[in-house]
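What follows is each chain in one-letter form.
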Amino acid sequence: MHPTIKVKQWAAFLKQIRGYLDSQGLVEVYTEALVPVGAFEGTIDVLQVTYQAGKAELHTSPEIEMKGVLAETGLSIYQICKCFRDDPPTGVHLREFTMLEFYRVKADYQTLIHDLKTLFNLLSGSELPFLELTMDELVEQATGIASIGSTTSEQLTSQIKERGLIALSPTDSWEDMFFKLLIEKVEPWLDPSRPVIVRDYPIALSALAKANPDGRTVQRFEIYWLGMELCNGCTELNDVAELKRRFAKEQANRSNQGKTPHQFPERLERAMSNGFPHCAGVAVGLDRLFWALYPEAGKSDQQRDNE
């Protein structure tokens, strides 16, 4: 494809996204990319910036700063921005990438699932064949392990060994085993030809999502398509005590991996303590979505260079 056509197609893609969100009453905002704390989750590595007066971090998503705006305004908001992660570059992982993040006030994750199905259909110009499963249903279909969110480490170890699913290390935590299953068995099982919505994740895997009434899962979802995770959304946690508990767990896991823990996000604590509304939010990787919707546009130069 000629570069001029690709540039115009990307511009039209962004225009359609903004048009949909504007029509839904969301307000576009801009927040800082250079921040004191660039990530909450222990699995995410940040890029640091050193300057004359000290150092800061580039945000891995605008989540923390946008939640400050939510607490201050009570508005449903969105942002399209560049984000940065210290990931090994691959064909679908970039150190610098484009993210759409939006929050709906007085909404839950089911509202955002509807939003994204509507938006994806609008962008594709057709009705896409979405499949929707809970994480328990998905894991059972892919591996035979039932109700994975209710298993203990010992039970999960036993079931993995009985089925000969993956290689285990004696030091593997429940989370380690789950992610190995996800990468090696569950994600390859997904039908790449259709977008798959996976919802209701085990509570151990969700740093900032609100728990379901069952107490073992949370109101979190992701959409996979063409072997890629395109988005990650949830009904947002708004309990400061639970925030601190989950942060401590995230950073303990990070320390166990030999990595320096992230700083506590005081901006997020202040937001949750000062008028943070009931809301749902989602982050969408726009480079991946563009590639999935318009394969004729091809991969970016950076993607090709990293393969």
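Refer to the structure above for everything that follows.
Description of the structure in this document. (Residues numbered from 1 in each chain as written. Predicted model: local features only at pLDDT ≥ 70, side-chain atom pairs only at ≥ 80, totals over all residues. Heavy atoms only, no water.)

Let us now look at the overall build of the protein chain. For the protein chain, the count of helices and strands is 10 helices and 11 strands. Its C-alpha radius of gyration of 19 Å places the protein chain within 12% of the 19 Å reference for a compact globule of 307 residues. Projected onto its principal axes, the C-alpha positions of the protein chain cover 55 × 45 × 40 Å. Looking at the 307 residues of the protein chain, the share that counts as buried comes to 50%. Counting only carbon and sulfur atoms, one obtains 52% of the accessible surface of the protein chain, whose full area is about 14,300 Å². Both charge centroids of the protein chain, one from 32 positive and one from 43 negative side chains, sit 1 Å from each other. (Helix = DSSP H or I, 4+ residues; strand = E, 2+ residues; numbered from the N terminus. Rg over C-alpha atoms; globule rule 2.2 N^0.38 Å. Buried < 20%, exposed > 50% of the residue type's maximum accessible area, 1.4 Å probe, protein only. Areas by Shrake-Rupley, 256 points an atom, 1.4 Å probe, with all protein chains shown as cover. Lys, Arg positive; Asp, Glu negative; His and termini not counted. Charge placed at Lys NZ, Arg CZ, Asp CG, Glu CD.)

Let us now look at the sheet that holds strand E4 (residues 54–58). The antiparallel open sheet is built from 3 strands, whose spatial order is E2-E4-E3. The open sheet has two free edges, formed respectively by strand E2 (34–35) and strand E3 (47–51), since each of these has just one partner strand. Sheet topology places E2 next to E4; 2 bridges connect them, and they run antiparallel. When the bridges of E4 are listed, Val 35 appears paired with Glu 57. (Pairing = 2+ DSSP bridges.)

This brings us to the packing of helix H4 (residues 135–143) against helix H6 (residues 174–189). With their axes 9 Å apart at the nearest point, H4 and H6 run at an angle of 75° to one another. Considering the angle they form, H4 stands roughly perpendicular to H6. Note on element contacts: H6 touches H4 through Phe 178, Leu 181, Leu 182, Lys 185, Val 186 and Trp 189, opposite Met 135, Leu 138, Val 139, Gln 141, Ala 142 and Thr 143. Its residues assigned to classes, the contact of H4 with H6 shows 9 nonpolar, 2 polar and 1 charged. (Axes fitted to C-alpha atoms, helices over the stretch in contact; angles between N-to-C directions. Parallel < 35°, antiparallel > 145°, perpendicular 65-115°, else oblique. Contact = heavy atoms within 4.5 Å. Nonpolar A, V, L, I, M, F, W, Y, C, P; charged D, E, K, R; others polar.)

Let us look at the sheet that holds strand E11 (residues 279–285). In space, the 8 strands of this open sheet follow the order E1-E5-E6-E11-E10-E9-E8-E7, with mixed pairing throughout. Each of the sheet's edge strands pairs with one partner strand only, and the pair in question is strand E1 (27–28) and strand E7 (131–134). Across 8 bridges, the pairing between strand E5 (residues 77–84) and strand E6 (residues 96–105) is antiparallel. Bridging across to E6, Phe 84 finds its partner in Glu 96. Relative to the sheet, H4 contacts E7 and strand E8 (196–202), its axis offset from that of E7 by approximately 95°.

Bringing the packing of helix H2 (residues 63–73) against helix H8 (residues 266–273) into the picture now. Between H2 and H8, whose axes approach to 8 Å, the crossing angle comes to 25°. Put simply, H2 runs roughly parallel to H8. Viewed along their axes, H2 and H8 form a crossing whose handedness is left-handed. Mapping the contact onto sequence places Ile 64, Glu 65, Lys 67, Gly 68, Val 69, Ala 71 and Glu 72 in H2 and Arg 267, Leu 268 and Ala 271 in H8. Here the contact of H2 with H8 is built from residues that sort into 5 nonpolar, 1 polar and 4 charged. (Left-handed = near helix turned anticlockwise from the far one by under 90°.)

It is worth spelling out the nonpolar core at this point. Counting 37 residues, the largest nonpolar core has Phe 13, Leu 100 and Leu 116 as its most contacted members. Contributing elements (two or more residues each) for this core: helix H1 (3–23), E5, E6, helix H3 (109–124), strand E9 (217–225), strand E10 (228–235), E11 and helix H9 (286–293). Discounting residues that sit within four places of it in the chain, Leu 116 has contacts with Phe 102, Phe 221, Ile 223, Cys 231, Val 282 and Val 284. Grouped together as the second largest cluster of nonpolar side chains are 25 residues, Leu 165, Phe 178, Val 196 and Cys 234 included. (Core = buried A, V, L, I, M, F, W, Y, C linked by side-chain atoms within 4.5 Å.)

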